[in-house]
Amino acid sequence: MGLDRSRHDYRSDQWRQRTGAKRSRARRWAAIPLRLIFVTMAAAGALAVQSAMQHSDRMSDISLSNLTRPSPPPIAGVASVVDGDTIEIHGQRIRLNGVDAPESKQYCDDAKGFEYPCGRRATEALKAFLTTSKPVHCSFVSWDRYDRFVGDCQRSDGAGLSAWMIEHGQALDWPRYSHGAYALQQVKAEAAKVGMWAGKFKAPWEWRAEHADGVAPSGQPRGVVSRRLLAQSGYSCEPRRICSQISSCDEANWFLTNCSWGGKLDRDKDGIPCESVC
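Okay, so let's go over this structure. This structure is a prediction, so every number in the text was calculated from the model and none was measured.

Definitions and cut-offs
Residues numbered from 1 in each chain as written. Predicted model: local features only at pLDDT ≥ 70, side-chain atom pairs only at ≥ 80, totals over all residues. Heavy atoms only, no water. Disulfide = S-S within 2.5 Å. Helix = DSSP H or I, 4+ residues; strand = E, 2+ residues; numbered from the N terminus. Buried < 20%, exposed > 50% of the residue type's maximum accessible area, 1.4 Å probe, protein only. Salt bridge = Lys/Arg side-chain N within 4 Å of Asp/Glu carboxyl O.

This part takes up the state of the cysteines. Under the criterion given, the structure shown has 4 disulfides. Between C243 and C274 runs a disulfide, and the two sulfur atoms are separated by 2.2 Å. In this structure, the disulfide formed by C243 and C274 twists by about -85 degrees around the S-S bond and is classed as left-handed. Taken as a pair, C243 in the loop between α10 (222–231) and α11 (249–258) and C274 in the segment after α11 lie far apart in primary sequence, 31 residues in all. When its relative accessible area of 23% is taken as the criterion, C243 is described as partly exposed. Looking at C274, the relative accessible area reads 2%, which means it is buried. The side chain of C249 participates in a disulfide bridge whose partner is C278; the two sulfur atoms lie 2.1 Å from each other. Of note, the bridge from C249 to C278 carries an S-S torsion of about 110 degrees and is right-handed in sense. Here the residue C249 occupies a position in helix α11, and C278 occupies one in the segment after α11, the gap between them amounting to 29 residues. Of the residues examined, C249 reaches a relative accessible area of 26% and is grouped as partly exposed.

Let us now look at the pattern of salt bridges. Pairs can form between side chains of opposite charge once their charged atoms are near each other. Within the structure shown, the criterion is met by 9 salt bridges. Here D144 makes a salt bridge to R148, at a shortest N to O gap of 2.7 Å. For R148, a relative accessible area of 12% gives the class buried. Between R155 and D157 there is a salt bridge, with the nearest N and O atoms lying 2.5 Å from each other.

Nothing here speaks to function; it is all geometry.
Structural data, given as structure tokens:
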């Protein structure tokens, strides 16, 4: 009987302790100002937003439509060169996968420290490479944020366009997309000091970030372009224009070069504004 009584008292004590703990927690929550709870929740939300923003650069290249749309078949044909990392076959513009060439307006320094148009040089190099072997065959990799076909492309003799451009120092391996696929070719080009590696240059993605407002690089003879276009009639930076309101490539280039908002006309930052008219 005494043992049963002891068990009863022990269980009662446990029940009172649990009940007391619950009441104590309730009193502590009640004592916390409602404003403090809201501030804490807001801070947690801000942290979540910050985390999402940290990944926004990668996610900006992806859209739901690009994830769900079917992959197109390979493309083969005679290629025209748009710039050092972009070609066009049968009207389809194709961005070479895993490679980034200097922009059309980009200048680099040669071995003697003199500036030269490395963007145009890269375009010329790719044109020369494609004249010796036709057609070009491109297999689909993905769609980019500008709805361009991104592909792995080879000449008819099997030579890869991206690898050749990097091997000859006319473009860089873009690790963000290539995952280092062309790192070996780039090491060889740097060691041999060919192309851009003979002097000094900025990585194209860095150059674009610095010239996002459409201002031409300091080494480019922008005055020649500006004077010629200013001689034409009536160009003005006000009001702002969009590509559908621009009727000529010269006009688009004038806005790109002379207006603070001109960079908006070059959505893919390849140095060519309003590609529908250029």
